[in-house]
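Each chain, letter by letter, is given below.
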2 protein chains.
Amino acid sequence: MSTPARILVVDDEHSITDLLSMALRYEGMDVRVAHLGRQALEAMGTFRPQLIVLDVMLPDLNGFEVLERMSRDMAGTRTPVLFLTARDTLDDKLRGFTLGGDDYMTKPFSVEELIVRVRAILRRVHGDDDDGRLELADLRLEEESHEVFRGTTAIDLTPTEFKLLHYLLLNAGRVVSKSQILDRVWNYDFDGNANVVEIYISYLRRKIDSLGPPLIHTVRGVGYTLRPPPES
Amino acid sequence: MSTPARILVVDDEHSITDLLSMALRYEGMDVRVAHLGRQALEAMGTFRPQLIVLDVMLPDLNGFEVLERMSRDMAGTRTPVLFLTARDTLDDKLRGFTLGGDDYMTKPFSVEELIVRVRAILRRVHGDDDDGRLELADLRLEEESHEVFRGTTAIDLTPTEFKLLHYLLLNAGRVVSKSQILDRVWNYDFDGNANVVEIYISYLRRKIDSLGPPLIHTVRGVGYTLRPPPES
DNA sequence: CCCGATACTGTGAGATTTCTGAGAATGAGA
DNA sequence: TCTCATTCTCAGAAATCTCACAGTATCGGG
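A few points on the structure. It should be emphasised that the depicted structure is a prediction, and the values quoted were computed from it without experimental measurement. Along each chain, the written sequence defines residue order, and numbers are assigned to residues from 1. Chain labels run from A onward and ligand labels from 1 onward, assigned in the order the entries are written. Per-residue local features of the predicted model are confined to residues with pLDDT of at least 70, and side-chain atom pairs are confined, for both listing and counting, to 80 or more; whole-chain, interface and lining totals are unaffected and use all residues.

Time to look at the sheet that holds strand β6 (residues 133-136) of chain A. Residue and element names in this part refer to chain A. Think of it this way: DSSP has to see at least two bridges between two strands before they count as a pair. In this text, helices come from DSSP runs of H or I with a minimum length of four residues, and strands from runs of E with a minimum of two, each type numbered from the N-terminal end. In spatial order, the strands read β6-β7-β8-β9; together these 4 strands make up an open sheet with antiparallel pairing. Both outer strands of the open sheet, β6 and β9 (153-155), are each paired with one neighbouring strand and no more. Across the sheet, the axes of successive neighbouring strands diverge by a mean angle of 20 degrees, strand direction being ignored. Sheet topology note: the β6/strand β7 (residues 139-142) ladder contains 4 bridges and is antiparallel. Residue pairing in the sheet places R133 in a bridge with E142 of β7. What counts as a contact here is a pair of residues whose C-beta atoms, placed from the backbone, lie within 7 Å. Comment: axis = line fitted to C-alpha atoms, over the contacting stretch for helices; angle = value between 0 and 180 degrees taken between N-to-C directions. Packing of helix α6 (residues 159-170) onto the sheet brings it into contact with β6, β7 and β8 (147-150), and relative to β6 it is tilted by some 70 degrees.

Our next topic: the protein's contact with DNA strand D. Taken together, the neighbourhood of DNA strand D is formed by 22 residues, with T158, T160 and G192 of chain A together with T160 and G192 of chain B sitting nearest. At the level of elements, α6 and α8 (195-208) of chain A together with α6 (159-170) and α8 (195-208) of chain B are the ones that each hand at least two residues to the surface near DNA strand D. Residues are sorted three ways: Asp, Glu, Lys and Arg are charged, Ala, Val, Leu, Ile, Met, Phe, Trp, Tyr, Cys and Pro are nonpolar, and all the rest, Gly among them, are polar. Among the residues making up the surface near DNA strand D, the classes are represented as 8 nonpolar, 10 polar and 4 charged. To decide nearness, the C-beta atom of each residue is placed from the backbone, and the residue is near a molecule or strand if that atom lies within 6 Å of it.

In this section: the packing of α6 of chain B against α8 of chain B. Geometrically, a packed helix pair is captured by the angle between its two axes and the distance between the axes. Residues and elements named next belong to chain B. At a minimum axis separation of 10 Å, α6 and α8 run at an interaxial angle of 90 degrees. Considering their axes alone, α6 and α8 lie roughly perpendicular with respect to each other. Between α6 and α8, the residues in contact are T160, E161, L164 and L165 and Y200, Y203 and L204, respectively. Of the residues assigned to the contact of α6 with α8, the class counts are 5 nonpolar, 1 polar and 1 charged. With respect to orientation, any angle under 35 degrees is reported as roughly parallel, any angle over 145 as roughly antiparallel, any angle of 65 to 115 as roughly perpendicular, and every other angle as oblique.

Another point: the interface of chain B and chain A. At the interface, 12 residues of chain B touch 20 residues of chain A. In terms of residue class, the side of chain B that touches chain A is made up of 2 nonpolar, 7 polar and 3 charged.

On to the protein's contact with DNA strand C. Taken together, 18 residues lie around DNA strand C, and S202 and T218 of chain A together with E198, S202 and T218 of chain B are the ones closest in. Elements supplying a minimum of two residues to the surface near DNA strand C: α8 of chain A together with α8 of chain B. When the residues that make up the surface near DNA strand C are grouped by side-chain class, the tally is 4 nonpolar, 8 polar and 6 charged.

Right, dumping it as structure tokens:
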């Protein structure tokens, strides 16, 4: 990682900006927060972010207006945007933006997924070396195509299973607790109990560990970890 | 360790703050104590801790309110927090904090474990040189992955066995008494008899000393110690 | 070498944690 | 609206862990 990526997070809900600034900082990014469209515009000039996480609904200007003024101010290159929107406000306009390299997510989202997308955008724009492929022993996960293989057999995962495996792979060799998993992989407003994690671990095992030596290990009283099988 | 880490411990129970300030000071840290949210806020400004151990339930403000006011005062970087909470009060809000590198423990905890976590946070934030690997002769314990090896063979330990070995390794070469072990490794409210220590030492020996020259030694009338085998 | 003190460990009951099957709820797409 | 895939709850089963008890072994001083 050369110089940390600069991200501007714009949302009027403090709980969201807190959540995201913490999570993105934890990922080693340089984060600035704005709660109003005007603040966002100002930060554009001073902070010069490489990516904006932008709530569509803001008290003063909406996300599109912010973008419009932005491109009026800064001639030339446009900063990529990851829009946040309520599920039921899903504007058709938004869909159009994905064409331009922008992306969007509906609230409530999972932090894991948001970070995946932030990284994907940065990778595209900045031509990062990271190729979005995660591997452990003969297990392979392709971020772009959303495909998972064990050896040569393709494994079909549901969205949640995929996110969970992705998170485990990112932390391969480290034990992650059930609550860490819950925080990252599930939507931030999920308030069910940690038993879901066990259940999805169980699903993953059925699909992945049945094809070879087990990679998913329970560390009793602590959490779960992905570990390559012992060489023999 | 260059300059001692500054830790602020906030809890209204004096027995807890006493216990922790003693243990953390013994670890070479610079400890300050507060018993109320207001005191904590004040200490933030004057003491500028690098980490806060914060009880969620305080008489005046709760832990979250303390944090909120804190981040209002100090713009920018937030001090990492290790929350303490009663097991049955396990607030959903807490869950979200593990995202930002914060962590939490439920009371009653073991001092040993608390110190492990404090160190883990400091290591992350301050990029400590300590890599969380403990070694003695051919015995190796990895904190991150919770793995233990003797030579190349992996050793499977239960949570208590792991904590005990961890403590012994931290004090390798020094004799620790059974009551010291009981105080550090077991939850602070444990009131069973000291024979458990003997039992767990026995378990460890079976798993560890059976694989090579013995490393765990009894010092009759005093306690136990970990010592490398004599070269030969 | 004997004896009391101290430490070790086999057995097993009870507690805790994790796993998983069955099925209800949800939501997307036909 | 119906269908199907998916998510998630519930609760019992299974696995694992903790710890007390008590008998045995070991140590070290006399």
